Amino acid sequence: MLFRYPLVFTLLGCILLLSVSPLFAGEQNPERVIARVNDVPITAGELEWQWRRQLRQAAPGGLVTVAPPVGREDLLESLIRREILYQEAVNAGWKPNGPAAMKKLAALKSQFRSEAAFSRELQELGVNEMQLLKELTRSEMIRDFLDVRFIRAQKVTEEEAQAWYREHAGSLGSPDKVCAAHILKAVADEEGQSGQQRVRREIGELRKRFLAGEDFAELARKHSDCPSREQGGDLGCFTFVEMVRPFSEVAFALAAGEISEPVVTDDGVHLILVREHQVAELPAFDNLRSRALQEVRAAKAGPQIKEFLDSRRAAARVEIIP
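1. So, helix H9 (residues 245-253)
And step 1. What H9 keeps buried is the set Phe247, Ser248 and Ala251. Projected down its long axis, H9 shows its buried positions confined to an angular sector of 90°, all on one face.
And step 2. Those residues of H9 that are buried lie in contact with strand S3 (177-185), strand S4 (234-238), strand S5 (263-265) and strand S6 (268-278).

Here it is, written out as structure tokens:
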């Protein structure tokens, strides 16, 4: 898909890994219990989801070229600790924050060009919307519990906040963006390689027509299979990670005013016209003061959270089933 938004919700490392129980080809019985935490089961499907999520992150273009950073045993331990945190939050009297979870879900959906694109992403990840909402609700509950119990209690000076800003300022600016338009020719699944060759020829002809003087917006309106054709193919301005890698690699390499050769993605074949490059700008400290204070609080709370979780992990009844 063209627009991509990673479905990752973590706090302080791997503590808040999401979990679901979808069906996977690699797991004959995703409901099989592989661990219990104080008699609450963790299933094979939950672990398989974490593994698949890692593979998706390691290979955003679809080809796995590097090993995921965390092995299955460590993933299972993360799920165990997440369940312990959830149980601690429940025992402390915390209730599910449904509105916050719904807001998170709406924010995720807004990152996709259509409801269908969002649904396709969930399908590829092996989770449906109700499962995702359930896990967002659990994660928001854990997040609130940690925030109130540990993070907000930390004292932070102005000097500490400014030191954090100086250390991280280079990565805090709005990222570089490209403003571009495109023409997409989709390939039906049943057409296979011959269909891709056909649309590559069509895109090549459209490229020649543009270079001969025809208006790109008019070509997009008449020939593009993307909904952006209504805007003459205009995609607005986007960061590198907001598009799939093959698309972004070409778009960011082109100079303003340049047009690409045919670009193949999972959506089909694209013709990209770059209109402008926007260079990142560094925000002033005053605009990031609240974030700096929160980041320093979280860093200070990290060892306390780890100590708390280690002690609860040692006291919990954990059974790992081979």
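2. Topic: the pattern of salt bridges
Pairs can form between side chains of opposite charge whenever their charged atoms are close.
And step 1. Counting across every chain of the model gives 27 salt bridges.
And step 2. Linking Glu135 and Arg138 is a salt bridge whose minimum nitrogen-to-oxygen distance equals 3.7 Å. Note that Glu135 and Arg138 are positioned in helix H5 (residues 129-151) at a spacing of three residues, about one turn of the helix.
And step 3. Using a relative accessible area of 7% as the deciding quantity, one classes Glu135 as buried.
And step 4. The exposure class assigned to Arg138 is buried, which follows from its relative accessible area of 15%.
And step 5. Two residues, Glu160 and Lys300, come together in a salt bridge whose shortest N-O distance is 3.0 Å. Of this pair, Glu160 sits in helix H6 (residues 158-172) while Lys300 sits in helix H10 (residues 285-315), and the two are 140 residues apart along the sequence.
And step 6. When salt bridges that share partners are traced, they join Glu77, Arg81, Lys306, Asp310 and Arg313 into one network.

3. Some remarks on H10
And step 1. The first and last C-alpha atoms of H10 sit 43 Å apart over 31 residues, in line with the 45 Å expected at 1.5 Å per residue.
And step 2. A maximum bend of about 35° is found in H10 at Ala301, where proline Pro303 lies one to four positions downstream.

4. Let's talk about the sheet that holds S5
Within a beta sheet, neighbouring strands are joined by backbone hydrogen bonds and run either parallel or antiparallel to one another.
And step 1. Overall, antiparallel pairing links the four strands, which are arranged S4-S3-S6-S5 in an open sheet. Both outer strands of the open sheet, S4 and S5, are each paired with one neighbouring strand and no more. Across the sheet, the mean angle separating the axes of adjacent strands is 40° when strand polarity is ignored.
And step 2. As judged from the three bridges shared by S5 and S6, these two strands associate in the antiparallel manner. Note on S6: the bridge partner recorded for Val263 is His270.
And step 3. H9 contacts S3, S4, S5 and S6 of the sheet and is inclined by roughly 40° relative to S6.

Calculation rules
Residues numbered from 1 in each chain as written. Predicted model: local features only at pLDDT ≥ 70, side-chain atom pairs only at ≥ 80, totals over all residues. Heavy atoms only, no water. Buried < 20%, exposed > 50% of the residue type's maximum accessible area, 1.4 Å probe, protein only. Helix = DSSP H or I, 4+ residues; strand = E, 2+ residues; numbered from the N terminus. Arc of directions from axis to C-beta. Contact = heavy atoms within 4.5 Å. Salt bridge = Lys/Arg side-chain N within 4 Å of Asp/Glu carboxyl O. Expected span 1.5 Å × (residues − 1). Bend = angle between axes of the 7 residues up to and from the residue. Pairing = 2+ DSSP bridges. Axes fitted to C-alpha atoms, helices over the stretch in contact; angles between N-to-C directions.

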